[in-house]
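A look at the structure
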Amino acid sequence: MFYGFDPRFREIPGTSSPLELREMIQQPFQFIESRFKKHGPIFRSSILYPCVWMIGAEANRAIMVTEREKFSYKGGYGQLAFGRLFEHNILVMDGEEHQRARSILEPAVSKIGLENVRDLVQDIWTRHAAAFKEDSSVDVYQVAQRATYEVSARALAGLVDSDEVEELRPYFEAVIEGAMAHTQHRIPGGILDKALKARQVLIKRLMPYVKKARDGGSAGVIGLLADYRDENGKGLPDEEILHHALLLYWAGYDTTASAGSWVLHLLAHHSSWQNRMREEIFEVLGDRDYQLEGSSKLKTVSWFLREVERCGPSLFMFPRTAAEDIEFQGY
């Protein structure tokens, strides 16, 4: 999806009716599917301002790969409530600023960074899975939310104390909810207002972890970001570390909870796939703990996870602004 005000905008099929926003909010997937069937892979609508939707593999390839430099993150996410809540992060940056942020974050979320928290993540999921009872049912989304929240709080933010993890949960959840607000306008008592206040609480509460990380006493992504040095040996300011950590928390919590719930749901309904993947894991790993290195040999597991993400994507739109002209499907 990208935004446009060019006169040629009206040549694209669709409508600019203000009623579009209400339908999209109420039934987002139905909204997209119905218009895709009617207009094809490109159509226009209005969500407070004119926008164009580009749907499908060719659209994703153009926006994410072949024409990537022609689309602006800042003009996309930056126009949403998300942009106001996460105003200093990679998803509202373009050009050199975006590349700098990417170079900072990639080591923290690389295999090296993940290896540092592998055992912690495994223990958390094992503990939550142990709560399942054979003779009862559970809401897998709630299970995935609880597990991924704890993973994010401990592995990303570096929280250790269980009481503090639970105490900060409402603030993290307020930030997540606020990122989905339908307008950038801060209305007193509204979800964006609550999210901005919650963000300030989190920055204040997490700042001591940054100070601790400076002395080498904090693990997780905050610790890795605190260790970062540029080519001149300069580290990151405390506030920047927290802005990056909060963005990764949002990305790691909300999207992973969605993907994790689909994994649990589908495995529960396809026991043959449980057995098939279990056999592959024992064949590849034997009695050894899971290792990131060598995980590429788990072909069946990889196929399953990719298919889960294809059938139940954690995100259904990636907002951008066209920074320069691009042609797609003849428009």
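These remarks concern the structure in this document. Everything numeric here is computed off the predicted structure, so don't read it as measured data.

Definitions and cut-offs
- Residues numbered from 1 in each chain as written.
- Predicted model: local features only at pLDDT ≥ 70, side-chain atom pairs only at ≥ 80, totals over all residues.
- Heavy atoms only, no water.
- Helix = DSSP H or I, 4+ residues; strand = E, 2+ residues; numbered from the N terminus.
- Buried < 20%, exposed > 50% of the residue type's maximum accessible area, 1.4 Å probe, protein only.
- Contact = heavy atoms within 4.5 Å.
- Areas by Shrake-Rupley, 256 points an atom, 1.4 Å probe, with all protein chains shown as cover.
- Lys, Arg positive; Asp, Glu negative; His and termini not counted.
- Charge placed at Lys NZ, Arg CZ, Asp CG, Glu CD.
- Expected span 1.5 Å × (residues − 1).
- Arc of directions from axis to C-beta.
- Polar contact = N/O pair within 3.5 Å; in protein donor to acceptor, adjacent residues only side chain to side chain.

For the protein, the count of helices and strands is 14 helices and 5 strands. If one aligns the C-alpha atoms of the protein with their principal axes, the spans along those axes are about 60 × 50 × 40 Å. A buried classification covers 43% of the 331 residues belonging to the protein. When contacts within the protein are restricted to residue pairs at least 6 apart in sequence, those whose partners lie at least 24 apart make up 67%. Of the roughly 18900 Å² of accessible surface on the protein, 54% is carried by carbon and sulfur atoms. For the protein, the distance from the average site of its 40 positive side-chain charges to the average site of its 47 negative ones is 3 Å.

Here helix 14 (residues 299-311) spans 18 Å end to end across 13 residues, near enough to the 18 Å set by a 1.5 Å rise per residue. When helix 14 is considered as a whole, its buried residues turn out to be Thr300, Val301, Phe304 and Val308. What you see down the axis of helix 14 is that its buried residues fit within an arc of 100°, all on one side. Away from its buried face, by an angle of more than 90 degrees, helix 14 presents the exposed residues Trp303, Arg306 and Arg310. At its buried positions, helix 14 is contacted by helix 12 (238-269) and helix 13 (271-285).

With respect to the element layout, Glu150 can be found in helix 8 (residues 140-156). Note on Glu150: relative accessible area 9%, which makes it buried. For Glu150, the side chain forms a polar contact with the side chain of Arg127, separated by 2.5 Å.

Limitation: the analysis is restricted to geometry and does not speak to function.
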